[in-house]
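A look at the structure
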Amino acid sequence: MCFALLFCLAATANAAPEVSVGSVKMENEAGVPGVMGDVDDTVEEEAADDEPEKTRNWEPVVAPLPSRNSAFGWMLSVPAMLMYKPSFNEPEDRVWISGLFGFYAENESWGGGLLQRMSFGGDQWRVMGSLFHAEMNYKYYGIGGSGDDRYLVLDQDMDLVMGEGLRRFAPNFYLGLKGVYAETSVGPRLKDVELPPGLDPDLLKVDLTMASLAPRLQYDTRDAEFYPTSGLFVDATASFSRESLGGDLDYERYKAEANHYVKLSEKGVLASRVAMQYVAGDAPFFLYPAFGQDVDLRGYQMGSYRDQFLVAAQTEYRHRFTERIGAVAFGGVGSVSPDFLGWEKSLWSVGAGFRWVIAPKNNISLRLDVARGRDETIYYVGVGEAF
(Lines give C-alpha, C1' and ligand atoms only; values in the text may rest on other atoms or scores of the structure.)
Protein backbone atom coordinates (compact mmCIF):
# COMPACT_ATOMS: atom_id res chain seq x y z
CA MET A 1 0.00 0.00 0.00
CA CYS A 2 1.04 3.57 -0.28
CA PHE A 3 2.92 3.97 2.97
CA ALA A 4 2.82 7.74 2.61
CA LEU A 5 -0.82 7.82 3.58
CA LEU A 6 -0.24 5.40 6.42
CA PHE A 7 2.51 7.60 7.79
CA CYS A 8 -0.19 10.03 8.87
CA LEU A 9 -2.29 7.33 10.48
CA ALA A 10 0.65 5.95 12.37
CA ALA A 11 1.77 9.44 13.40
CA THR A 12 -1.26 9.62 15.67
CA ALA A 13 -1.43 5.86 16.26
CA ASN A 14 -5.12 5.72 15.55
CA ALA A 15 -6.74 3.02 13.49
CA ALA A 16 -4.22 1.80 10.98
CA PRO A 17 -1.38 -0.65 11.36
CA GLU A 18 2.01 0.78 10.65
CA VAL A 19 3.64 -0.41 7.46
CA SER A 20 7.27 0.15 6.68
CA VAL A 21 9.62 -0.12 3.76
CA GLY A 22 13.04 -0.61 5.28
CA SER A 23 13.32 1.98 8.05
CA VAL A 24 10.93 4.25 6.19
CA LYS A 25 7.87 4.26 8.38
CA MET A 26 4.69 6.15 8.22
CA GLU A 27 5.70 8.28 11.13
CA ASN A 28 9.06 9.49 9.86
CA GLU A 29 9.28 9.41 6.06
CA ALA A 30 7.05 9.12 3.04
CA GLY A 31 7.02 7.67 -0.45
CA VAL A 32 7.76 4.27 -1.91
CA PRO A 33 10.54 4.51 -4.48
CA GLY A 34 9.96 1.97 -7.19
CA VAL A 35 6.51 0.72 -6.24
CA MET A 36 5.25 1.12 -9.79
CA GLY A 37 8.61 1.26 -11.51
CA ASP A 38 12.28 1.04 -10.69
CA VAL A 39 13.44 4.29 -9.14
CA ASP A 40 17.04 5.16 -8.48
CA ASP A 41 18.68 8.42 -7.48
CA THR A 42 19.63 8.78 -11.14
CA VAL A 43 18.07 6.83 -13.99
CA GLU A 44 19.98 6.48 -17.20
CA GLU A 45 18.08 6.54 -20.47
CA GLU A 46 19.30 4.79 -23.57
CA ALA A 47 20.09 7.29 -26.27
CA ALA A 48 20.14 6.88 -30.01
CA ASP A 49 23.50 6.06 -31.60
CA ASP A 50 23.85 9.60 -32.88
CA GLU A 51 22.87 11.24 -29.58
CA PRO A 52 24.97 11.62 -26.43
CA GLU A 53 23.93 9.57 -23.42
CA LYS A 54 21.41 11.41 -21.26
CA THR A 55 20.84 11.07 -17.57
CA ARG A 56 17.67 12.07 -15.78
CA ASN A 57 17.39 12.39 -12.03
CA TRP A 58 13.64 12.02 -11.60
CA GLU A 59 11.06 9.24 -11.79
CA PRO A 60 7.24 9.43 -11.52
CA VAL A 61 5.01 6.93 -9.71
CA VAL A 62 1.29 7.11 -10.51
CA ALA A 63 -0.77 3.92 -10.14
CA PRO A 64 -3.43 2.23 -8.00
CA LEU A 65 -2.05 -0.25 -5.48
CA PRO A 66 -4.29 -2.87 -3.80
CA SER A 67 -3.42 -4.08 -0.32
CA ARG A 68 -4.94 -5.58 2.79
CA ASN A 69 -4.57 -5.16 6.55
CA SER A 70 -6.48 -6.25 9.62
CA ALA A 71 -7.80 -2.77 10.44
CA PHE A 72 -9.48 -1.78 7.17
CA GLY A 73 -9.59 -4.99 5.13
CA TRP A 74 -8.92 -4.62 1.42
CA MET A 75 -7.77 -1.17 0.36
CA LEU A 76 -6.99 0.66 -2.84
CA SER A 77 -4.24 3.26 -2.46
CA VAL A 78 -3.47 5.70 -5.27
CA PRO A 79 -0.09 7.44 -5.02
CA ALA A 80 0.97 10.15 -7.42
CA MET A 81 4.58 10.88 -6.55
CA LEU A 82 7.70 12.29 -8.10
CA MET A 83 11.14 11.13 -6.93
CA TYR A 84 13.91 13.48 -7.98
CA LYS A 85 17.16 15.22 -7.11
CA PRO A 86 17.36 19.00 -7.50
CA SER A 87 20.35 20.35 -9.41
CA PHE A 88 21.89 21.80 -6.24
CA ASN A 89 21.84 18.48 -4.36
CA GLU A 90 25.05 16.72 -3.41
CA PRO A 91 25.66 13.08 -4.45
CA GLU A 92 25.17 11.78 -0.89
CA ASP A 93 21.72 13.39 -0.52
CA ARG A 94 18.76 11.06 -0.53
CA VAL A 95 16.17 11.31 -3.26
CA TRP A 96 13.51 14.00 -2.77
CA ILE A 97 9.84 12.96 -2.86
CA SER A 98 6.82 15.15 -3.66
CA GLY A 99 3.40 13.57 -3.84
CA LEU A 100 -0.34 13.32 -3.56
CA PHE A 101 -1.98 10.21 -2.14
CA GLY A 102 -5.35 8.75 -1.25
CA PHE A 103 -6.99 5.48 -0.23
CA TYR A 104 -10.40 3.86 0.04
CA ALA A 105 -11.11 0.69 2.06
CA GLU A 106 -13.86 -1.92 1.95
CA ASN A 107 -15.11 -0.81 5.38
CA GLU A 108 -15.77 2.70 3.90
CA SER A 109 -12.70 4.31 5.45
CA TRP A 110 -10.93 6.80 3.21
CA GLY A 111 -8.28 9.50 3.29
CA GLY A 112 -5.85 11.59 1.31
CA GLY A 113 -3.13 14.19 1.58
CA LEU A 114 0.13 15.80 0.46
CA LEU A 115 3.72 15.07 1.37
CA GLN A 116 7.27 16.34 0.84
CA ARG A 117 10.61 14.74 1.77
CA MET A 118 13.97 16.50 1.33
CA SER A 119 17.66 15.96 2.06
CA PHE A 120 20.42 18.58 2.20
CA GLY A 121 24.15 18.97 2.75
CA GLY A 122 25.28 15.50 1.77
CA ASP A 123 22.37 13.98 3.71
CA GLN A 124 23.35 15.95 6.80
CA TRP A 125 19.81 17.37 7.00
CA ARG A 126 16.61 15.35 6.53
CA VAL A 127 13.32 17.26 6.37
CA MET A 128 9.81 15.94 5.89
CA GLY A 129 6.28 17.34 6.08
CA SER A 130 2.74 16.21 5.36
CA LEU A 131 -0.92 17.25 5.41
CA PHE A 132 -3.67 14.62 5.76
CA HIS A 133 -7.42 14.15 6.09
CA ALA A 134 -9.09 10.82 6.86
CA GLU A 135 -12.50 9.45 7.78
CA MET A 136 -12.12 5.99 9.30
CA ASN A 137 -14.08 3.34 11.17
CA TYR A 138 -12.57 0.50 13.17
CA LYS A 139 -13.17 -1.90 16.05
CA TYR A 140 -12.33 -0.75 19.58
CA TYR A 141 -11.68 -3.62 22.03
CA GLY A 142 -11.03 -1.51 25.10
CA ILE A 143 -7.92 -1.14 27.24
CA GLY A 144 -6.10 -4.17 28.62
CA GLY A 145 -4.59 -7.45 27.53
CA SER A 146 -7.56 -9.78 27.92
CA GLY A 147 -8.02 -10.40 24.20
CA ASP A 148 -11.81 -10.24 24.67
CA ASP A 149 -13.67 -10.50 21.37
CA ARG A 150 -16.24 -7.89 22.41
CA TYR A 151 -15.79 -4.57 20.66
CA LEU A 152 -17.43 -1.29 19.69
CA VAL A 153 -17.17 0.07 16.15
CA LEU A 154 -15.98 3.68 16.19
CA ASP A 155 -16.01 6.45 13.61
CA GLN A 156 -13.02 8.80 13.62
CA ASP A 157 -12.39 11.83 11.42
CA MET A 158 -8.99 13.52 11.46
CA ASP A 159 -7.12 16.47 9.99
CA LEU A 160 -3.39 16.39 10.58
CA VAL A 161 -0.26 18.38 9.78
CA MET A 162 3.22 17.08 10.57
CA GLY A 163 6.74 18.40 10.17
CA GLU A 164 10.11 16.90 11.05
CA GLY A 165 13.75 17.88 10.79
CA LEU A 166 16.75 15.68 11.60
CA ARG A 167 20.45 16.60 11.54
CA ARG A 168 23.46 14.26 11.44
CA PHE A 169 25.70 15.23 14.36
CA ALA A 170 28.10 12.26 14.22
CA PRO A 171 28.71 9.38 11.83
CA ASN A 172 25.48 7.35 11.57
CA PHE A 173 23.69 9.49 14.24
CA TYR A 174 20.74 11.80 13.56
CA LEU A 175 18.97 14.05 16.07
CA GLY A 176 15.96 16.26 15.50
CA LEU A 177 12.43 17.31 16.33
CA LYS A 178 9.03 16.29 15.04
CA GLY A 179 5.86 18.34 15.49
CA VAL A 180 2.29 17.07 15.03
CA TYR A 181 -0.94 19.06 15.12
CA ALA A 182 -4.25 17.27 14.61
CA GLU A 183 -7.96 17.79 15.11
CA THR A 184 -10.07 14.69 15.47
CA SER A 185 -13.65 13.68 16.23
CA VAL A 186 -14.36 10.15 17.50
CA GLY A 187 -17.54 8.38 18.55
CA PRO A 188 -19.55 5.17 18.14
CA ARG A 189 -20.55 4.18 14.61
CA LEU A 190 -24.36 4.41 14.49
CA LYS A 191 -24.96 4.07 10.77
CA ASP A 192 -27.27 1.03 11.10
CA VAL A 193 -28.53 1.65 14.64
CA GLU A 194 -32.03 2.99 15.32
CA LEU A 195 -31.65 5.63 18.02
CA PRO A 196 -34.28 6.62 20.58
CA PRO A 197 -36.30 9.73 19.62
CA GLY A 198 -34.61 12.98 20.50
CA LEU A 199 -31.10 11.51 20.89
CA ASP A 200 -28.58 13.53 18.90
CA PRO A 201 -25.75 11.19 17.80
CA ASP A 202 -23.34 14.14 17.78
CA LEU A 203 -23.66 14.26 21.57
CA LEU A 204 -21.90 10.88 21.70
CA LYS A 205 -18.82 12.17 19.89
CA VAL A 206 -15.69 13.64 21.42
CA ASP A 207 -13.76 16.42 19.65
CA LEU A 208 -10.06 16.70 20.45
CA THR A 209 -7.18 18.92 19.40
CA MET A 210 -3.76 17.29 19.68
CA ALA A 211 -0.46 19.16 19.55
CA SER A 212 2.88 17.56 20.36
CA LEU A 213 6.63 18.01 19.98
CA ALA A 214 8.90 14.99 19.85
CA PRO A 215 12.71 14.89 20.09
CA ARG A 216 13.99 12.02 17.94
CA LEU A 217 17.28 10.10 17.84
CA GLN A 218 18.35 7.64 15.14
CA TYR A 219 21.41 5.43 14.68
CA ASP A 220 21.82 3.69 11.34
CA THR A 221 24.63 1.43 10.09
CA ARG A 222 22.57 -0.63 7.60
CA ASP A 223 24.08 -1.39 4.22
CA ALA A 224 20.79 -0.57 2.42
CA GLU A 225 17.60 1.31 3.21
CA PHE A 226 14.92 -1.00 1.80
CA TYR A 227 16.44 -4.52 2.00
CA PRO A 228 19.34 -4.45 4.48
CA THR A 229 21.56 -7.50 4.82
CA SER A 230 23.80 -6.20 7.62
CA GLY A 231 23.89 -3.44 10.19
CA LEU A 232 21.83 -1.92 12.98
CA PHE A 233 19.00 0.62 12.98
CA VAL A 234 17.91 2.23 16.27
CA ASP A 235 15.08 4.77 16.54
CA ALA A 236 13.91 6.49 19.75
CA THR A 237 11.22 9.16 20.14
CA ALA A 238 9.76 10.98 23.15
CA SER A 239 6.57 12.89 22.29
CA PHE A 240 5.16 15.55 24.61
CA SER A 241 1.65 17.00 24.28
CA ARG A 242 0.75 20.09 26.30
CA GLU A 243 -2.11 22.54 26.46
CA SER A 244 0.51 25.29 26.11
CA LEU A 245 1.25 23.90 22.62
CA GLY A 246 -2.43 24.18 21.64
CA GLY A 247 -3.66 20.69 22.55
CA ASP A 248 -6.54 19.70 24.80
CA LEU A 249 -4.64 17.07 26.79
CA ASP A 250 -1.30 16.69 28.55
CA TYR A 251 0.43 13.37 27.91
CA GLU A 252 3.70 11.74 26.86
CA ARG A 253 4.43 8.94 24.39
CA TYR A 254 7.74 7.07 24.29
CA LYS A 255 8.86 4.70 21.54
CA ALA A 256 12.12 2.82 21.06
CA GLU A 257 13.04 0.13 18.57
CA ALA A 258 16.16 -1.65 17.34
CA ASN A 259 16.46 -3.69 14.13
CA HIS A 260 19.50 -5.88 13.50
CA TYR A 261 20.46 -7.61 10.23
CA VAL A 262 22.95 -10.44 9.62
CA LYS A 263 23.80 -12.01 6.27
CA LEU A 264 23.85 -15.78 6.79
CA SER A 265 24.60 -16.78 3.20
CA GLU A 266 24.59 -15.38 -0.30
CA LYS A 267 20.78 -15.65 -0.37
CA GLY A 268 19.81 -15.65 3.32
CA VAL A 269 19.39 -12.83 5.84
CA LEU A 270 18.38 -13.00 9.52
CA ALA A 271 16.50 -9.89 10.69
CA SER A 272 15.70 -9.32 14.37
CA ARG A 273 13.74 -6.60 16.13
CA VAL A 274 13.00 -5.43 19.68
CA ALA A 275 10.45 -2.66 20.32
CA MET A 276 8.89 -0.89 23.31
CA GLN A 277 6.16 1.74 23.61
CA TYR A 278 4.74 3.56 26.63
CA VAL A 279 2.18 6.31 27.20
CA ALA A 280 1.66 8.40 30.33
CA GLY A 281 -0.67 11.18 31.38
CA ASP A 282 -4.07 11.87 29.81
CA ALA A 283 -3.43 10.24 26.42
CA PRO A 284 -6.58 9.38 24.45
CA PHE A 285 -7.26 5.67 24.05
CA PHE A 286 -6.31 5.57 20.36
CA LEU A 287 -2.76 6.65 21.23
CA TYR A 288 -2.25 3.69 23.56
CA PRO A 289 0.16 1.12 22.04
CA ALA A 290 -1.59 -1.92 20.60
CA PHE A 291 -0.70 -5.02 18.66
CA GLY A 292 -2.00 -5.03 15.12
CA GLN A 293 -1.37 -1.35 14.41
CA ASP A 294 2.42 -1.70 14.15
CA VAL A 295 4.76 -4.27 12.58
CA ASP A 296 5.27 -6.09 15.87
CA LEU A 297 3.61 -9.49 16.27
CA ARG A 298 1.68 -10.02 13.08
CA GLY A 299 -1.42 -12.18 13.61
CA TYR A 300 -3.48 -9.86 15.83
CA GLN A 301 -6.50 -7.71 15.08
CA MET A 302 -5.69 -4.04 15.51
CA GLY A 303 -6.25 -3.06 19.13
CA SER A 304 -7.33 -6.46 20.47
CA TYR A 305 -4.45 -6.14 22.96
CA ARG A 306 -3.95 -2.50 24.00
CA ASP A 307 -2.52 -0.91 27.14
CA GLN A 308 -0.09 1.75 28.38
CA PHE A 309 3.03 -0.37 27.85
CA LEU A 310 3.92 -2.69 24.97
CA VAL A 311 7.03 -4.79 24.42
CA ALA A 312 7.77 -7.22 21.60
CA ALA A 313 10.67 -9.14 20.11
CA GLN A 314 10.69 -10.99 16.81
CA THR A 315 13.03 -12.53 14.29
CA GLU A 316 12.59 -13.26 10.59
CA TYR A 317 14.61 -15.35 8.16
CA ARG A 318 14.57 -13.98 4.60
CA HIS A 319 15.63 -16.06 1.63
CA ARG A 320 15.95 -15.11 -2.03
CA PHE A 321 15.57 -18.06 -4.40
CA THR A 322 16.12 -15.84 -7.44
CA GLU A 323 16.65 -12.13 -8.00
CA ARG A 324 12.87 -11.67 -8.02
CA ILE A 325 11.40 -14.45 -5.86
CA GLY A 326 11.82 -14.93 -2.13
CA ALA A 327 10.19 -16.23 1.05
CA VAL A 328 10.32 -15.54 4.78
CA ALA A 329 9.56 -17.32 8.04
CA PHE A 330 9.08 -15.38 11.26
CA GLY A 331 8.17 -15.66 14.92
CA GLY A 332 7.93 -13.42 17.94
CA VAL A 333 6.66 -12.87 21.47
CA GLY A 334 5.37 -9.86 23.38
CA SER A 335 2.90 -8.46 25.88
CA VAL A 336 0.96 -5.37 26.93
CA SER A 337 0.66 -4.09 30.49
CA PRO A 338 -0.67 -1.11 32.47
CA ASP A 339 2.75 -0.76 34.09
CA PHE A 340 6.05 0.35 32.56
CA LEU A 341 8.24 -2.71 31.91
CA GLY A 342 5.34 -4.91 33.02
CA TRP A 343 4.45 -8.28 31.48
CA GLU A 344 0.91 -9.65 31.59
CA LYS A 345 -0.38 -12.33 29.20
CA SER A 346 2.31 -13.79 26.93
CA LEU A 347 1.42 -13.26 23.27
CA TRP A 348 3.13 -15.16 20.45
CA SER A 349 3.18 -15.03 16.69
CA VAL A 350 4.47 -17.34 13.94
CA GLY A 351 4.10 -17.15 10.20
CA ALA A 352 5.54 -17.25 6.72
CA GLY A 353 5.38 -15.17 3.60
CA PHE A 354 6.10 -14.83 -0.10
CA ARG A 355 8.14 -12.02 -1.67
CA TRP A 356 8.15 -10.80 -5.26
CA VAL A 357 10.65 -8.03 -6.03
CA ILE A 358 8.75 -5.34 -7.94
CA ALA A 359 11.54 -2.74 -7.90
CA PRO A 360 14.94 -4.42 -8.39
CA LYS A 361 17.00 -1.20 -8.33
CA ASN A 362 15.73 -0.37 -4.85
CA ASN A 363 15.13 -4.00 -3.79
CA ILE A 364 11.49 -3.41 -2.82
CA SER A 365 9.13 -6.39 -2.73
CA LEU A 366 5.44 -7.09 -2.77
CA ARG A 367 4.75 -8.80 0.56
CA LEU A 368 2.20 -11.61 1.11
CA ASP A 369 2.21 -12.88 4.71
CA VAL A 370 0.08 -15.26 6.77
CA ALA A 371 0.52 -15.06 10.55
CA ARG A 372 -0.95 -17.02 13.44
CA GLY A 373 -1.36 -15.21 16.74
CA ARG A 374 -2.71 -16.42 20.06
CA ASP A 375 -6.35 -16.10 18.95
CA GLU A 376 -6.57 -16.20 15.15
CA THR A 377 -4.86 -16.27 11.76
CA ILE A 378 -4.51 -13.06 9.69
CA TYR A 379 -3.36 -12.47 6.11
CA TYR A 380 -1.40 -9.43 4.96
CA VAL A 381 -0.68 -7.84 1.60
CA GLY A 382 1.70 -4.89 1.42
CA VAL A 383 4.86 -3.37 0.01
CA GLY A 384 8.31 -3.71 1.55
CA GLU A 385 9.67 -5.83 4.36
CA ALA A 386 7.91 -5.76 7.74
CA PHE A 387 10.97 -4.15 9.35
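Nothing here was measured: the structure is a model prediction, and the numbers come from that model. (Residues numbered from 1 in each chain as written. Predicted model: local features only at pLDDT ≥ 70, side-chain atom pairs only at ≥ 80, totals over all residues. Heavy atoms only, no water.)

**Some words on the overall build of the protein chain**
A count of helical and extended segments in the protein chain gives one helix and 21 strands. Buried positions account for 54% of the 387 residues belonging to the protein chain. In the protein chain, once contacts between residues fewer than 6 apart in sequence are set aside, the share between residues at least 24 apart is 57%. (Helix = DSSP H or I, 4+ residues; strand = E, 2+ residues; numbered from the N terminus. Buried < 20%, exposed > 50% of the residue type's maximum accessible area, 1.4 Å probe, protein only. Contact = heavy atoms within 4.5 Å.)

**Concerning the pairing of strand E16 (residues 268–281)**
Two elements, strand E15 (residues 251–263) and E16, share 13 bridges in a ladder whose sense is antiparallel. Bridge pairing in E16 places Tyr-251 opposite Gly-281. As consecutive antiparallel partners, E15 and E16 are separated by four residues. (Pairing = 2+ DSSP bridges.)

**Brief notes about the side chain of Asp-296**
Relative to the helices and strands, Asp-296 resides in the loop between E16 and strand E17 (309–320). In terms of polar contacts, Asp-296 uses its side chain to reach the side chain of Arg-273, at 2.7 Å. Side chain to side chain, Asp-296 and Gln-314 meet in a polar contact 3.3 Å long. When neighbours within four sequence positions are excluded, Asp-296 is seen to be in contact with Arg-273, Ala-275, Phe-291, Ala-312 and Gln-314. (Polar contact = N/O pair within 3.5 Å; in protein donor to acceptor, adjacent residues only side chain to side chain.)

**Remarks on the pairing of E15**
Taken together, the 11 bridges between strand E14 (residues 231–241) and E15 define a ladder with antiparallel strand orientation. Bridging across to E15, Phe-240 finds its partner in Glu-252.

**Quick word on a nonpolar patch on the surface**
The grouping of Leu-100, Leu-114, Leu-131, Val-161 and Tyr-181 at the surface amounts to a nonpolar patch, some 420 Å² of accessible area in total. By the secondary structure assignment, Tyr-181 is in strand E12 (residues 173–188). (Patch = residues over 30% accessible without salt bridge, like charges linked within 9 Å, V, L, I, M, F, W, Y side chains within 5 Å. Areas by Shrake-Rupley, 256 points an atom, 1.4 Å probe, with all protein chains shown as cover. Salt bridge = Lys/Arg side-chain N within 4 Å of Asp/Glu carboxyl O.)

**So, the packing of aromatic side chains**
The final tally for this structure, using the stated rule, is 15 aromatic pairs. Each member of the aromatic cluster is reached from another via a ring pair, and the members are Phe-240, Tyr-254, Tyr-278, Phe-309 and Phe-340. (Phe/Tyr/Trp six-rings, centres within 6.5 Å; stacked < 30°, edge-to-face > 60°.)

**Topic: the nonpolar core**
One finds Tyr-138, Leu-160, Met-210 and Phe-286 to be the most contacted residues of the largest nonpolar core, which totals 19 residues. Taken together, the elements giving at least two residues each to this core come down to strand E10 (125–140), strand E11 (152–170), E12 and strand E13 (206–220). Here this core gets four residues from one element, more than from any other, and that element is E11. (Core = buried A, V, L, I, M, F, W, Y, C linked by side-chain atoms within 4.5 Å.)

**A short note on unusual backbone geometry**
Even without being glycine, Asp-123 reaches a positive phi, approximately 65 degrees. Mapped onto the elements, Asp-123 comes out in the loop between strand E9 (110–120) and E10. Positive phi, normally seen in glycine, also occurs at Asn-172, with a value near 75 degrees. Along the chain, Asn-172 turns up in the loop between E11 and E12. Overall, Asn-172 belongs to the partly exposed group, its relative accessible area being 33%.

**Considering the pattern of salt bridges**
Counted according to the given criterion, the structure contains 16 salt bridges. The residue Arg-189 makes a salt bridge to Asp-155 at a minimum N-O spacing of 2.8 Å. Taken as a pair, Arg-189 in the loop between E12 and E13 and Asp-155 in strand E11 lie far apart in primary sequence, 34 residues in all. Classification of Asp-155 as partly exposed rests on a relative accessible area of 24%. Taking the shortest distance from any N to any O, the salt bridge between Glu-316 and Arg-318 comes out at 2.7 Å. Each member of the pair, Glu-316 as well as Arg-318, is classed as buried.

**Looking at the layout of surface pockets**
There is about 210 Å³ of room inside the second largest pocket. When grouped by side-chain class, the residues that make up the lining of the second largest pocket number three nonpolar, four polar and five charged. (1 Å grid on protein atoms, 1.4 Å probe; cavity = no way out; pocket = protein on both sides within 12 Å on 5 of 7 lines; lining within 4 Å. Points joined across faces, edges and corners; volume = space filled by probe spheres on them. Nonpolar A, V, L, I, M, F, W, Y, C, P; charged D, E, K, R; others polar.)

**What to know about a negative patch on the surface**
Residues Asp-157, Asp-159, Glu-183, Asp-207, Glu-243, Asp-248, Asp-250 and Asp-282 make up a contiguous surface patch of negative charge. Structurally, the position occupied by Asp-250 is in the loop between E14 and E15. (Lys, Arg positive; Asp, Glu negative; His and termini not counted. Charge placed at Lys NZ, Arg CZ, Asp CG, Glu CD.)

**Some words on the environment of Ala-236**
With respect to the secondary-structure elements, Ala-236 resides in strand E14. Judged by its relative accessible area of 30%, Ala-236 is partly exposed. Along the primary structure Ala-236 and Pro-215 are separated by 21 residues, whereas in three dimensions their C-alpha atoms are 8.5 Å apart. Residues in contact with Ala-236, not counting those within four places in the same chain, are Pro-215, Arg-216, Leu-217, Lys-255 and Ala-256.

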